[in-house]
Amino acid sequence: MSGPTKSVRFREAIRMGMVEEMERDDRVYIVGEEVGHYQGAYKVTEGMLEKFGPKRVIDAPITESGFTGISIGAAMVGLRPIVEYMTWNFSAVAFDQILNNAAKMRQMSGGQLHVPIVFRAPNASAKQVGSQHSHAMEHFYAHVPGLKVVAPATCADAKGLMKTAIRDDDPVLYMESETLYNLKGDVPEDPEFTVPFGKASVARQGGDVTIVSWSRMVHVSLQAAEELAKEGLDVEVIDLRSLRPLDEEALVANVSKTHRAVVAYEGWPYGGVGAEVVDRIQRLAFDELDAPIERVTTLDYPMPYNAKLEQHVIPSAERVIEAVKRVAYRSA
């Protein structure tokens, strides 16, 4: 990062990105449940109603399919909506709109219509919110041609990816981790600071094993890497940031450097983005691998409400450590 920075929380970094883009472009508006008068269910939109007024910060009733559909139509005729869901799990109610309208309209119109829209919400695990609020939904949407999916892990990326998403002419799904909202970090104050899609970052340099991750699991992987360093294992941690498009070059380059890989993420083990990452590595860098690729995931169950069971199901630093030791042929 160059230029002056400001230390802010993750939720404030997201807000900075939205506010700067709304100041830059009066076609941008935000709509969702409690985004205005309540200041946002997670206070991400705090102060925005006062700053921009009710025509650009719009409180919606509990009708995800309704305000999603209206905003897709608004995007088709020239506006640039940001649609907030209280959680990505609730986007399932609007899945038809996202899948069959937002994702396909450009192709079905022969490129005549664009859908410049951002869908954003907290994603994956929180703390004891039950199985209907704890899905890692990036896997559902990254599967769909026509959609772009990003999942920031740092405050700087939270701002930069949001600004890139708003400026993009295609639908972008922006996946936030509720557990990161209070994370603090330095964010560039430059209103032109953006983070490009399809470019991973190196969260930690290492030479023995590569851990590929995104969102909250980047921090879990970094914790695991620090513990492994005490045992003489030098672990590199890759933050994908962008899940679709995916940075294949970074995956190949890093696995070619360490020759071993672990993919750590919060989705279920069957299919998903993690399985896609494994496929890309084994197809594009098979001859560089010195061990089978390991995955560390949420266990294959609906999320329990009980706190101890919930922690058992969610991927932990301990499970990442065990996977790294297996690919490094170290005793667990």
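*Asks:* When you look at the domain arrangement of the protein chain in this model, what are you seeing that I'm missing?
*Replies:* The figure often quoted for interface size is the accessible area lost as the parts come together. Structurally, the protein chain comprises domain 1 (5–188) and domain 2 (201–327). Spacing between the C-alpha centres of domain 1 and domain 2 amounts to 26 Å. Interface area, domain 1 with domain 2, both sides summed: about 2,200 Å², of which 57% is carbon and sulfur. The largest share of the area that domain 1 buries against domain 2 comes from Gln128, His139 and Ala151, three residues that together contribute 26% of it.

*Asks:* Would you explain the nonpolar core in this entry?
*Replies:* Nonpolar side chains tend toward joint burial in soluble globular proteins. The biggest cluster of nonpolar side chains holds 47 residues, and the ones touching the most others in it are Tyr85, Trp88, Phe119, Tyr141, Leu240 and Val277. A per-element tally of this core places helix 3 (residues 64–76) first, with four residues. Looking at which domains feed residues into this core, each of domain 1 (5–188) and domain 2 (201–327) gives three or more. If sequence neighbours within four positions are ignored, tyrosine 141 has contacts with Trp88, Ser91, Ala92, Phe95, Ile98, Leu147, Val149, Leu173 and Met175. Core analysis: the next-biggest nonpolar cluster, separate from the first, contains 34 residues, Val57, Ile82, Val172 and Phe193 among them.

*Asks:* Just to check I follow, could you spell out the sheet that holds strand 7 (residues 172–177) for this structure?
*Replies:* Across a sheet, strands are paired by hydrogen bonds formed along the backbone, either parallel or antiparallel in direction. Taking strand neighbours across the sheet as the criterion, the seven strands line up as 3-2-4-5-7-6-12 in an open arrangement whose pairing is mixed. This sheet does not close on itself; its edge strands, each paired only once, are strand 3 (57–59) and strand 12 (242–244). Averaged over neighbouring strand pairs, the angle between their axes works out to 20 degrees when direction is ignored. Bridge count for strand 4 (residues 80–84) against strand 5 (residues 118–123) is three bridges, and the pairing is parallel. Across the sheet, the residue bridging to glutamate 84 is arginine 120, located in strand 5. Contacts from helix 1 (residues 10–24) reach strand 2 (28–32), strand 3, strand 4, strand 5 and strand 7, with the element oriented near 135 degrees to strand 2. Against the sheet, helix 7 (residues 155–167) engages strand 2, strand 4, strand 5, strand 6 (148–150) and strand 7, with an angle of about 160 degrees to strand 7.

*Asks:* Is there a simple way to explain the pairing of strand 5 in this structure?
*Replies:* Burial of strand 5 is extensive: six of the six residues sit out of reach of the surface. Taken together, the six bridges between strand 5 and strand 7 define a ladder with parallel strand orientation. Looking across to strand 7, one finds that arginine 120 is bridged to tyrosine 174.

Thresholds applied
- Residues numbered from 1 in each chain as written.
- Predicted model: local features only at pLDDT ≥ 70, side-chain atom pairs only at ≥ 80, totals over all residues.
- Heavy atoms only, no water.
- Domains from an automatic or database assignment.
- Buried area = accessible area lost by both parts, 1.4 Å probe.
- Core = buried A, V, L, I, M, F, W, Y, C linked by side-chain atoms within 4.5 Å.
- Buried < 20%, exposed > 50% of the residue type's maximum accessible area, 1.4 Å probe, protein only.
- Helix = DSSP H or I, 4+ residues; strand = E, 2+ residues; numbered from the N terminus.
- Contact = heavy atoms within 4.5 Å.
- Pairing = 2+ DSSP bridges.
- Axes fitted to C-alpha atoms, helices over the stretch in contact; angles between N-to-C directions.

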